[in-house]
Amino acid sequence: MSKKLLIKNIRSLVTCDKEDNVFKNVNLYSEDGIIKYIGKDIFEADEVIDGKDMIVYPGLINTHHHLYQTFTRNLPKVQNMELFDWLITLYEIWKGLDSETIRYSSLVGMGELMKSGCTTCFDHHYVFPKDASEELIDVQFGAATELGIRMHASRGSMSLSKKDGGLPPDSVVQSIDKILYDSERLVKKYHDRKDFSMRQVVLAPCSPFSVTGDLMKESANLARDLGVRLHTHLAETKDEEKFTLEKFGMRPLEYMESLGWIGEDVWYAHGIHFNDDELKRLADTKTGVAHCPISNMKLSSGIARIPEMLKLDVPVGLAVDGSASNDGSNLLEELRVSYLLHRLNSSKNAPTGYDILKIATKGSARILGRNDIGELSVGKATDLFMINTNRLELVGTQYDPKSVLGTVGIKGAVDYTVVNGNVVVKDGKLVSIDEEKITREANLAVEKLINKA
């Protein structure tokens, strides 16, 4: 039997569609997770939500995360480090990851995302300790199903350890054969390429300084054979640029292109230190960038050239990055910080609050290779979140619902999040899990991880 959802009397429906429509006082009707109608008519439904005083937005889409890092997000000793030192220090803790850590950190990180209006999460998991289960990504998909969020998981990897000139310890790197075997296993088991799919898989070697060129090449070949996308970190720091220039005689983008890593099926996390020619190359090849402003600020990595990227039509999505380099999994906070950062840095050339919302919705959907999510219109997925405007902090904000998430911001949880037509956050609380119980159990799992190190 099909699930029917009606959201009636919506104060403002921000669609993020081609015409940038905002509809006032309308109803949205959904069947089987697909929007069937937006207008004044009323339909019979299994569940009815009153949208009076509510602004309804398309669900936010997170395009780069490390969910396991949620367990190491406020450690005193790494607070003032930059990327390379920060990684070297934290690998000593992360080498103790196991299935329990992955399950609870996934529930916590994705739960926090959902409470901030996120309906699709991409996670970049690349740490596979020798003593841990080989099914860590399977555990993540299980957590996503428990919560009811759309999940794009990556089979990340590292093959270049300290002894070979990389950063990670030997205990978390793997052989190319093992990585490729598990990559293929996961794609065949979980990757659903149909419209409205809840599960997809991406191949994602970690970075130029933690994997070999051979692994990058082989991963690209396998991804294209299997019809899945490619993701890695790139142009995040000047240290990385120095590393590729000294080791390969090439800047990071040139090096990645030499390995086959450019094109519409590729997106990079960060993309801060691209020059003018490289930005044009990204635009020409439609290679995407996941913008992670808070992480980039916290690690003193720099400011991505988002205004220029948007002007050139480089595909850009928004992302929270790993919690250890952000300290939160809140895309609403990311959206506001992104708006403020570019206002500070680019003045009148900065994207508007609404432009940043579109990066976090349609832009993010584009770099994940999806056109069934990212906007609210008939035929698209019923992925959305709702904010009750009748709260003290939003007095005086009623004149521009498109931009308010950037210009004023939302503090605290959203009122509703809906994924695939199912209510997954109601009155600011996760629907499918006991938040208090999971919080207690997750904190115990954090203690176990830290004590191992």
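Look a little higher up for the structure.
About the thresholds
- Here the residue numbering is sequential within each chain, running from 1 through the sequence in written order.
- Per-residue local features of the predicted model are confined to residues with pLDDT of at least 70, and side-chain atom pairs are confined, for both listing and counting, to 80 or more; whole-chain, interface and lining totals are unaffected and use all residues.
- Side-chain numbers here rest on the full set of heavy atoms in the structure, without hydrogens or water.
- Helix numbering and strand numbering both begin at the N terminus, where a helix is a DSSP run of H or I of at least 4 residues and a strand a DSSP run of E of at least 2.
- Only the C-alpha atoms count toward the radius of gyration. The rule for a globule is 2.2 Å times the residue count to the power 0.38.
- Only protein chains enter the accessibility calculation, which uses a 1.4 Å probe; a residue whose area is less than 20% of its type maximum is buried, one above 50% is exposed, and one in between is partly exposed.
- We call two residues in contact whenever any of their non-hydrogen atoms come within 4.5 Å of each other.
- Computed with the Shrake-Rupley method and a 1.4 Å probe, the accessible areas treat only the protein chains shown as cover for residues.
- Charged residues are defined narrowly, with Lys and Arg counted positive, Asp and Glu counted negative, and His plus the chain ends left uncounted.
- By convention, charge coordinates are those of NZ in Lys, CZ in Arg, CG in Asp, or CD in Glu.
- Nine residue types can take part in a nonpolar core, namely buried Ala, Val, Leu, Ile, Met, Phe, Trp, Tyr and Cys, and a core is a set of them joined through side-chain atoms within 4.5 Å.
- A pair of aromatic rings is counted whenever rings of Phe, Tyr or Trp (Trp by its six-membered ring) have centres within 6.5 Å, and the orientation is called stacked for planes under 30 degrees apart, edge-to-face for over 60 and tilted otherwise.
- To sit over a ring, a charge needs its Lys NZ or Arg CZ within 6 Å of the ring centre and within 35 degrees of the ring normal.
- Note on pairing: two strands pair once DSSP finds at least 2 bridges between them.
- We define a salt bridge as a contact between a side-chain nitrogen of Lys or Arg and a carboxyl oxygen of Asp or Glu at a distance within 4 Å.

Trainee: Residue-level account of the overall build of the protein, with values.
Mentor: When you go through the protein residue by residue, the secondary structure sums to 14 helices and 17 strands. Its C-alpha atoms give the protein a radius of gyration of 21 Å, within 12% of the compact-globule value 22 Å for 453 residues. Considered along the principal axes of its C-alpha atoms, the protein spans approximately 65 × 45 × 45 Å. Put simply, the protein has 453 residues, and 60% of those count as buried. Sequence separation of at least 24 residues holds for 75% of the intrachain contacts in the protein that already meet a minimum separation of 6. Of the roughly 17,400 Å² that the protein leaves accessible, carbon and sulfur atoms contribute 49%. Across the protein, the 56 positively charged side chains and the 65 negatively charged ones have centroids separated by 2 Å.

Trainee: Outline the nonpolar core, listing residues and values.
Mentor: Of all hydrophobic cores here, the largest spans 114 residues; its most connected members are Trp-94, Tyr-268 and Phe-274. Here this core takes eight residues from helix 1 (residues 83-94), the largest share from any one element. Other than its neighbours up to four places away in sequence, Trp-94 contacts Tyr-68, Gln-69, Thr-72, Trp-86, Leu-87, Tyr-126, Val-127, Pro-129 and Ala-324.

Trainee: Which residues make up the packing of aromatic side chains, and what values do they have?
Mentor: Per the counting criterion, the structure on display carries 14 aromatic pairs. Ring centres 5.6 Å apart and planes at 85 degrees place the aromatic pair Tyr-91 and Trp-94 in the edge-to-face group. One end of the pair is Tyr-91 and the other is Trp-94, both in helix 1 and three residues apart, which spans about a single turn. A relative accessible area of 2% places Tyr-91 in the buried class. The exposure class assigned to Trp-94 is buried, which follows from its relative accessible area of 0%. Between Phe-248 and Tyr-255, the ring centres sit 3.9 Å apart and the planes meet at 5 degrees, which makes this aromatic pair stacked. Aromatic ring contacts, followed pair by pair, group Tyr-68, Trp-86, Tyr-91, Trp-94 and Tyr-126 into a single cluster. For the cation-ring pair, Arg-103 lies above Tyr-104, with the distance from its terminal atom to the ring centre recorded as 5.1 Å. Here the basic side chain of Arg-155 rests over the ring of Phe-128, its NZ or CZ set 3.8 Å away from the ring centre.

Trainee: I'd like a rundown of the pairing of strand 5 (residues 54-58), residues and numbers included.
Mentor: Counted residue by residue, strand 5 has five buried out of five residues, so it is predominantly covered. As defined by bridge partners, strand 1 (residues 4-14) adjoins strand 5 across two bridges and the pair is classed as parallel. Bridge pairing in strand 5 places Leu-13 opposite Val-56.

Trainee: Outline the pattern of salt bridges, listing residues and values.
Mentor: Counted under the stated rule, the structure contains 35 salt bridges. Between Lys-452 and Asp-98 there is a salt bridge whose closest N-O contact spans 3.2 Å. Linking Lys-452 in helix 14 (residues 435-452) with Asp-98 in the loop between helix 1 and helix 2 (99-115), this pair joins segments that are 354 residues apart in sequence. A cluster of three or more residues bridged by salt bridges with shared partners is formed by Asp-138, Arg-155, Asp-182, Arg-185 and Lys-189.

Trainee: Describe in detail the pairing of strand 10 (residues 230-234), supporting the description with residues and values.
Mentor: A large share of strand 10 lies buried, amounting to five of its five residues. Alternating residues of strand 10 divide into Leu-230, Thr-232 and Leu-234 and His-231 and His-233, and every residue in both groups is buried. Inspection of the sheet shows strand 10 paired to strand 11 (residues 266-270) by five bridges, in the parallel sense. By the bridge assignment, His-233 is partnered in strand 11 with Ala-269.

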